[in-house]
Amino acid sequence: MEALMDRYAATATATALYEALATGDRPALAALLHPEFEGHTTAGMPLGLGGSYRSADDMLRNFWGRIAKHYSAKAVPKEFHVLDDDRLSVSGSYVGTAKDSGKALDAEFVHVLGFEGGRISRLDQLTDTQAWHEALSGTTRFETIDYSVRDGVAVICLNRPNERNAIDLRLGEELLEVARLCAGDSAVRAVLFRGNGPALTVGGDIGYFTANGGAQYGELFRRMTGPFHEAFRIFDRLDAPIVTAAHGSVAGGGLGFVYAADIVYAAPGTKFVTAFAAIGLSGDGGGTWHLPRLIGPRRAAQMYLENRALDADEAVEWGLITEVVAAEQLEDRAFSTAATLAAGPTKAFGRMRSLLHSSWTNSLSEQLTEESEGIAYSGATADAANAIASFVAKQRPTFEGR
């Protein structure tokens, strides 16, 4: 009889949780969740939502709260089963719509709930992450970035024009969310970085530093560079080629948007400067790795130690960017190039990017081995088979990115 009552109590508590989440009843949620609550959500969720949440407040603010920001949805439980260890398994579906795209969400889930003292102490979530991504695909709205996918191109527009797209913690966090969106969306076959307003980005937001750093800035910079650098690690591993359109100023860690790209166009008069020496910092954004490889160690040292600024023409001459494009043509040219790449052999492009990156650390023998593996991998794709057949038939191939 006691076990039966426990089952009813657990089911009633779980039902109350879903009702409170659907209505946004925070007092009810606070009463239902144990003070030592932990949540563990599915890897691969969009917006960086997959992971571990170490308190009820963390789960409320950074998981459920952020879902509510991007989706009008609720968890609808269908079946409840008590497990042998007294945990409760709940299966059902998340149903609703994504706010920006208006697309329907219908994602199955399994929640495993643990209890302590009659309250929920743990939630482990499994869900259909692809359904979440599909509902969100098209347009996603952030505070500091405009993000959309069209014609296979993920357009990532830095959108703090009044601050000349200066980088604060929020922009770094949202860039990481966008990087994960790109990595998780098979519709993304090229990426375009651009900036709204007078500059691509002037680098770190000095006003944000002074407002949040106190007397010591070190820990603030550690927190800021964490998501910012992780985003660039993800972009580095994408199959999708990356194009950057630069204008105005590109400074400090903002040069990371130049380093991450395979092709960089810049408007005449664009200035490129590391800027770190002027404020007593050593640098971020990957410059100490990329710059010596792009422009040579002596010139890289000059840009860092002497704060040497380059204009767009010098940046082409030094090898930092690809081409100078008239300002009125910059955005169209960059998107056209990205769209052309998006219509190409995406898997082969991914291996090309990987091989070009690994060439800096591999011996010739190691690189030849990786080339053999890469061409075997790309040769097994549908795109390669189609392109070779089209070549024989003297027809233009159509690439599907697989």
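Please read these numbers as outputs of a predicted model, since none were measured by experiment.

A. Structural context of the packing of aromatic side chains. For the structure on display, the rule yields 16 aromatic pairs. Consider the rings of Phe-209 and Phe-221, whose centres lie 4.8 Å apart with planes at 75 degrees: the pair is edge-to-face. Remark: Phe-221 occurs in helix α7 (residues 218–237) and Phe-209 occurs in helix α6 (residues 206–212); sequence separation between them is 12 residues. Judged by its relative accessible area of 10%, Phe-209 falls in the buried class.

B. Molecular detail of helix α10 (residues 297–305). Considered for burial, the residues of α10 that qualify are Ala-300, Met-303 and Tyr-304. Down the axis of α10, the buried side of the element spans an arc of 95 degrees, and every buried residue falls inside it. In α10, those exposed residues whose orientation departs by more than 90 degrees from the buried face are Arg-298 and Leu-305. In this fold, the buried residues of α10 make contact with β14 (271–273), α9 (287–295) and α11 (312–318). Phi for Asn-307, located one or two positions after α10, is positive at around 60 degrees.

C. Looking closely at the packing of α9 against α10. Their axes nearest at 7 Å, the elements α9 and α10 cross at an angle of 135 degrees. For the element pair α9 / α10, the angle class is oblique. You can see that α9 and α10 cross each other, and the crossing is right-handed. Of the residues in α10, those in contact with Gly-287, Thr-288, Leu-291, Pro-292 and Ile-295 of α9 are Pro-297, Arg-299, Ala-300, Met-303 and Tyr-304.

D. Inspection of the layout of surface pockets at higher detail. By volume, the largest pocket is sized at about 880 Å³. What lines the largest pocket is a set of 36 residues, among which Asp-236, Tyr-259, Ala-260, His-290 and His-357 lie closest to the centre. Sorting elements by how many residues they give to the lining of the largest pocket places α9 first, with 6 residues.

E. Quick peek at the side chain of Ser-121. With respect to the helices and strands, the residue Ser-121 is situated in strand β6 (residues 119–127). The contacts of Ser-121, once residues within four sequence positions are left out, are His-34, Glu-36, Phe-37, Glu-38, Gly-114, Phe-115 and Glu-116.

F. Looking closely at unusual backbone geometry. One non-glycine residue, Asp-151, lies in the positive phi region at around 55 degrees. Tracing the chain through its elements places Asp-151 in the loop between β8 (145–150) and β9 (153–158). Within the chain, Arg-164 stands out as a residue other than glycine whose phi angle is a positive 55 degrees. In this structure Arg-164 comes out as partly exposed when scored by relative accessible area, which is 43%.

G. Here's a closer look at the environment of Arg-180. Turning to its location among the elements, Arg-180 is positioned in helix α5 (residues 169–184). With relative accessibility at 33%, the residue Arg-180 sits in the partly exposed group. Note: C-alpha distance between Arg-180 and Phe-235 (55 residues apart in sequence) is 8.7 Å.

H. Summary view of the packing of helix α13 (residues 346–358) against helix α14 (residues 364–379). Contact pair α13 / α14: the axes reach a minimum separation of 10 Å and the direction vectors enclose 175 degrees. When the interaxial angle is binned, α13 and α14 end up roughly antiparallel. Residues Lys-347, Ala-348, Arg-351, Leu-355 and Ser-358 of α13 touch α14, and the partners they reach there are Gln-367, Glu-370, Glu-371, Glu-373, Gly-374, Tyr-377 and Ser-378. Considered class by class, the residues forming the contact of α13 with α14 number 3 nonpolar, 4 polar and 5 charged.

I. Spatial organisation of the sheet that holds strand β2 (residues 52–53). Taking strand neighbours across the sheet as the criterion, the 6 strands line up as β2-β1-β6-β5-β4-β3 in an open arrangement whose pairing is mixed. Among the strands making up the open sheet, the edge pair consists of β2 and β3 (71–82). Two elements, strand β5 (residues 104–116) and β6, share 8 bridges in a ladder whose sense is antiparallel. The residue bridging Phe-109 from the neighbouring strand is Thr-127, located in β6.

J. View of the environment of Gly-65. Tracing the sequence through the fold places Gly-65 in helix α3 (residues 56–70). Look at Gly-65 and you get partly exposed, because its relative accessible area is 33%. Residues in contact with Gly-65, not counting those within four places in the same chain, are Met-59 and Leu-60.

About the criteria used
Residues numbered from 1 in each chain as written. Predicted model: local features only at pLDDT ≥ 70, side-chain atom pairs only at ≥ 80, totals over all residues. Heavy atoms only, no water. Phe/Tyr/Trp six-rings, centres within 6.5 Å; stacked < 30°, edge-to-face > 60°. Helix = DSSP H or I, 4+ residues; strand = E, 2+ residues; numbered from the N terminus. Buried < 20%, exposed > 50% of the residue type's maximum accessible area, 1.4 Å probe, protein only. Arc of directions from axis to C-beta. Contact = heavy atoms within 4.5 Å. Axes fitted to C-alpha atoms, helices over the stretch in contact; angles between N-to-C directions. Parallel < 35°, antiparallel > 145°, perpendicular 65-115°, else oblique. Left-handed = near helix turned anticlockwise from the far one by under 90°. 1 Å grid on protein atoms, 1.4 Å probe; cavity = no way out; pocket = protein on both sides within 12 Å on 5 of 7 lines; lining within 4 Å. Points joined across faces, edges and corners; volume = space filled by probe spheres on them. Nonpolar A, V, L, I, M, F, W, Y, C, P; charged D, E, K, R; others polar. Pairing = 2+ DSSP bridges.

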